[in-house]
Amino acid sequence: MPPPARAEVVVVGAGLAGLSVATRLAAAGCDVHVLEASGHVGGRLETDRVDGFVVDRGFQVLNTGYPRAADLDLPALELGYFTPGAVVRVDGRAHRVADPRRRPTALPDTLRAPIGSLTEKVAVAAFSARAGYWPVPRLLAAPETTAAEHLRRAGVGETALERFFAPFLAGVLLEDRLETSSRYLDLLWRSFARGATGLPAQGIQAIGEQLAAGVGAGRVHTGVRVGAVTGSQVSSDAGPVHADAVVVATDPGTAAGLLPAVEAAAPRQVTTHYHVLPASPWTEPLIVLGTPGGRLVNSVVLSDAQPGYSPDGRALVASNSLVPTREADVRDEVARLHDVAAADLEHLTTVTVTGAQPAALPPLRHRRPVDLGGGLYVCGDHRDTPSIQGAMASGRRAAAAVLRALRPAAGAA
């Protein structure tokens with residue numbers, strides 16, 4: 001269905017930020033329409049089916065510790081969860097490291113794991129407790145540095161930094177030098193300490209589809225490319241749409257092209273190789289961390305956490321590198337990480353995402369303005385933090401700003 005010639009609010013982009021704006025405006029009674037250039041909702045949260053397997057566009061998870069996860073109907077997503085922790089490989093041996101608060105049986109393995117002395121492991125626990133339970137304003141008021149320096153000052157030790165934190169965080173931050181802001185690390189680690197990470201039964205795109213359903217039938221228009229915006233009109237290849245307010249909720253590069261006041265953020269990239277094994281080599285859903293000098297930052301059997309990702313009980317494996325790699329370059333490494341024969345790995349597909357998320361270097365520009373004036377608004381994880389949380393939080397702020405302008409009573413509520 002083409003977009004109308006007029007709407008009260010037009011949102012450009014049907015990623016999580018744009019859908020978060022639209023659902024809140026629709027709930028407040030606004031006539032809101034969303035224009036999306038691609039053929040699907042969810043933005044970077046995209047899912048395909050390959051030979052019956054559920055294949056996300058890169059390894060992505062939903063963290064229930066994100067405050068904005070409260071905006072989702074989590075039971076309806078039928079999440080399958082990972083064990084809070086990771087497998088660390090040293091000298092060819094696998095060592096389980098897990099959060100003993102939630103996996104008490106993992107305490108002996110975690111204490112024996114070669115990631116530093118007992119004193120340093122206590123420091124890791126203290127760092128997690130601080131990030132998890134200090135008030136957020138206090139975390140954000142702490143002196144800012146890089147993630148690497150922050151961890152060193154916390155006393156976790158170089159061994160844990162190299163064998164655990166660096167590969168674990170590289171898979172989340174999509175950078176392996178830990179140059180990310182210490183303040184963002186605190187916020188991120190807080191979500192790990194307080195929540196669980198999981199996958200929807202129908203794939204990560206189900207999050208966007210759930211939000212889109214809340215906007216209302218016929219109000220999300222895919223395959224509509226926008227060429228220009230003002231505070232009162234959107235020009236698209238489906239024709240102009242006049243509006244009282246326009247919200248640009250696209251990736252940072254597209255937003256910068258539409259809005260001169262927005263700076264394009266430096267994007268991170270990731271390459272994910274998907275393989276199939278006859279069966280999982282593990283007894284629980286734990287991410288396996290890459291080893292120093294390797295091409296991969298991690299590898300994980302997705303179907304251990306979410307059996308719905310496999311159509312027939314075979315194991316679906318996702319392995320990630322921060323630079324484009326060929327499957328042949330990493331096959332042996334994937335096999336070593338999971339202690340299987342390389343010949344048992346059946347290559348399913350490889351996905352490279354060049355704009356996976358913006359960087360979050362210090363100083364962290366948290367909660368950037370979303371109201372640009374003149375009826376124009378902007379949101380996206382580049383206005384907050386590079387995460388599902390950041391996208392949805394910025395969308396919430398943009399919706400509140402629009403309502404303050406158009407419906408002051410609703411905006412105040």
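Remember, predicted model here, so these are calculated numbers, not experimental data.

Colleague: Tell me about helix H12 (residues 327-338), and please be specific about residues and values.
Modeller: The end-to-end C-alpha separation of H12 is 16 Å, in line with the 16 Å expected for twelve residues at 1.5 Å each. Among the residues trailing H12, aspartate 339 stands out with phi positive, at a value near 55 degrees.

Colleague: Explain the UniProt feature "domain: Amine oxidase" (unreviewed entry) in the chain to me, using residue names and the numbers behind them.
Modeller: Residues annotated in UniProt with the feature "domain: Amine oxidase" (unreviewed entry) correspond here to residues 16-403. Between the end C-alpha atoms of residues 16-403 there is a gap of 19 Å, over a span that is 34% helix and 25% strand.

Colleague: Can you break down the packing of helix H4 (residues 118-133) against helix H8 (residues 182-194) residue by residue, with the values?
Modeller: With their axes 7 Å apart at the nearest point, H4 and H8 run at an angle of 95 degrees to one another. Compared by their axis directions, H4 and H8 come out roughly perpendicular. Side by side, H4 and H8 meet where Phe127, Ser128, Arg130, Ala131, Gly132 and Tyr133 of the first sit next to Leu185, Asp186, Trp189, Arg190, Ala193 and Arg194 of the second. Split into classes, the residues belonging to the contact of H4 with H8 amount to six nonpolar, two polar and four charged.

Colleague: Tell me about the environment of alanine 14, and name the residues and values.
Modeller: Along the polypeptide, alanine 14 turns up in the loop between strand E1 (6-12) and helix H1 (16-27). Sequence separation between alanine 14 and arginine 49 is 35 residues, and the spatial gap between their C-alpha atoms is 21 Å.

Colleague: Let's hear about the side chain of arginine 68: which residues, and what values?
Modeller: Structurally, the position occupied by arginine 68 is in the loop between strand E5 (62-63) and helix H2 (74-77). Ignoring sequence-local partners within four residues, the contact set of arginine 68 consists of Arg24, Gln389, Met392, Ala393 and Arg396.

Colleague: Give a detailed account of the packing of helix H7 (residues 158-173) against H8, specifying residues and quantitative values.
Modeller: Taken N-terminus to C-terminus, the directions of H7 and H8 make an angle of 95 degrees; their axes are 13 Å apart at the nearest point. Considering their axes alone, H7 and H8 lie roughly perpendicular with respect to each other. Where H7 approaches H8, its residues Phe164, Phe165, Phe168, Leu169, Val172 and Leu173 are matched on the opposing element by Tyr184, Leu185, Leu188, Trp189 and Phe192. A breakdown of the residues in the contact of H7 with H8 according to their chemical character gives eleven nonpolar, no polar and no charged.

Colleague: Give me the lowdown on the packing of aromatic side chains, citing residues and values where you can.
Modeller: Centre-to-centre distance and the angle between the planes together describe a pair of aromatic rings. Under the counting rule described, the total for this entry stands at nine aromatic pairs. Ring centres of phenylalanine 59 and phenylalanine 82 lie 6.1 Å apart, and the angle between their planes is 80 degrees; on these two criteria the pair is classed as edge-to-face. Taken together, the residues phenylalanine 59 in the loop between strand E4 (53-56) and E5 and phenylalanine 82 in the loop between strand E6 (80-81) and strand E7 (85-90) connect sequence positions 23 residues apart. When its relative accessible area of 8% is taken as the criterion, phenylalanine 82 is described as buried. Summarising the aromatic geometry, the rings of phenylalanine 127 and tryptophan 189 are spaced 6.0 Å apart at their centres and angled 45 degrees between planes, so their arrangement reads as tilted. Remark: tryptophan 189 occurs in helix H8 and phenylalanine 127 occurs in helix H4; sequence separation between them is 62 residues. For phenylalanine 127, a relative accessible area of 3% puts it in the buried group. For tryptophan 189, a relative accessible area of 7% corresponds to the buried category.

Colleague: I'd like to hear about the domain arrangement of the chain, residue by residue, with values.
Modeller: As far as domains go, the chain holds domain 1 (6-45 + 203-266 + 367-406) and domain 2 (117-195). Spacing between the C-alpha centres of domain 1 and domain 2 amounts to 32 Å.

Colleague: A description of the nonpolar core should follow, citing residues and the corresponding values.
Modeller: Core analysis: the biggest nonpolar cluster contains 92 residues, and Phe165, Leu169 and Trp189 have the highest contact counts within it. Counting residues in hydrophobic clusters, the runner-up holds 18 residues, among them Leu35, Val246, Ala255 and Leu258.

Colleague: If you had to explain the sheet that holds strand E9 (residues 197-199) to someone new, which residues and values would you point to?
Modeller: Taken together, the three strands give an open sheet; going across it, the order is E5-E9-E6, and neighbouring strands pair in antiparallel fashion. With partners counted over all chains shown, the strands left at the sheet margins are E5 and E6, one partner each. Sheet analysis places E6 next to E9, joined by two bridges and oriented antiparallel. By the bridge assignment for E9, glycine 80 is matched with leucine 199.

Colleague: Tell me about the sheet that holds strand E15 (residues 287-289), and name the residues and values.
Modeller: The strand order across the open sheet formed by seven strands is E8-E7-E15-E16-E17-E14-E18, and the pairing between neighbours is mixed. On the outer flanks of this sheet lie strand E8 (93-98) and strand E18 (346-358), each paired with one strand and no other. Looking at each pair of strands side by side, their axes are set apart by 25 degrees on average, direction ignored. Sheet strands in contact with H7 are E7, E8, strand E14 (267-277), E15, strand E16 (298-301) and E18, and its direction is about 125 degrees off that of E7.

Colleague: Give me H7: which residues, what numbers.
Modeller: For H7, with 16 residues, the first-to-last C-alpha span of 19 Å runs short of the 22 Å given by 1.5 Å per residue. At phenylalanine 165, H7 shows its largest kink, close to 40 degrees, and the proline proline 167 lies no more than four residues downstream. One or two steps after H7, the chain reaches leucine 174, where phi turns positive at roughly 60 degrees.

Colleague: Describe in detail unusual backbone geometry, supporting the description with residues and values.
Modeller: For residues that are not glycine, phi is negative in most cases, and the peptide bond is trans in most cases. In this chain, proline 362 is followed by proline 363 through a cis amide linkage whose omega measures 0 degrees. Looking at the element boundaries, proline 363 is found in the loop between E18 and strand E19 (371-373). Although it is not a glycine, aspartate 91 adopts a positive phi angle of roughly 55 degrees. One non-glycine residue, leucine 174, lies in positive phi territory at about 60 degrees. Among the structural elements, leucine 174 can be located in the loop between H7 and H8.

Colleague: Which residues make up the environment of aspartate 176, and what values go with them?
Modeller: Summarising the element assignment, aspartate 176 is placed in the loop between H7 and H8. In this structure aspartate 176 comes out as exposed when scored by relative accessible area, which is 52%. Residues aspartate 176 and valine 297, spaced 121 residues apart in sequence, show a C-alpha to C-alpha distance of 8.3 Å. Aside from chain neighbours lying at most four places away, what touches aspartate 176 is Ala170 and Leu322.

Cut-offs used in this document
- Residues numbered from 1 in each chain as written.
- Predicted model: local features only at pLDDT ≥ 70, side-chain atom pairs only at ≥ 80, totals over all residues.
- Heavy atoms only, no water.
- Helix = DSSP H or I, 4+ residues; strand = E, 2+ residues; numbered from the N terminus.
- Expected span 1.5 Å × (residues − 1).
- UniProt positions renumbered as here; feature names shortened; annotations may be inferred.
- Axes fitted to C-alpha atoms, helices over the stretch in contact; angles between N-to-C directions.
- Parallel < 35°, antiparallel > 145°, perpendicular 65-115°, else oblique.
- Contact = heavy atoms within 4.5 Å.
- Nonpolar A, V, L, I, M, F, W, Y, C, P; charged D, E, K, R; others polar.
- Phe/Tyr/Trp six-rings, centres within 6.5 Å; stacked < 30°, edge-to-face > 60°.
- Buried < 20%, exposed > 50% of the residue type's maximum accessible area, 1.4 Å probe, protein only.
- Domains from an automatic or database assignment.
- Core = buried A, V, L, I, M, F, W, Y, C linked by side-chain atoms within 4.5 Å.
- Pairing = 2+ DSSP bridges.
- Bend = angle between axes of the 7 residues up to and from the residue.

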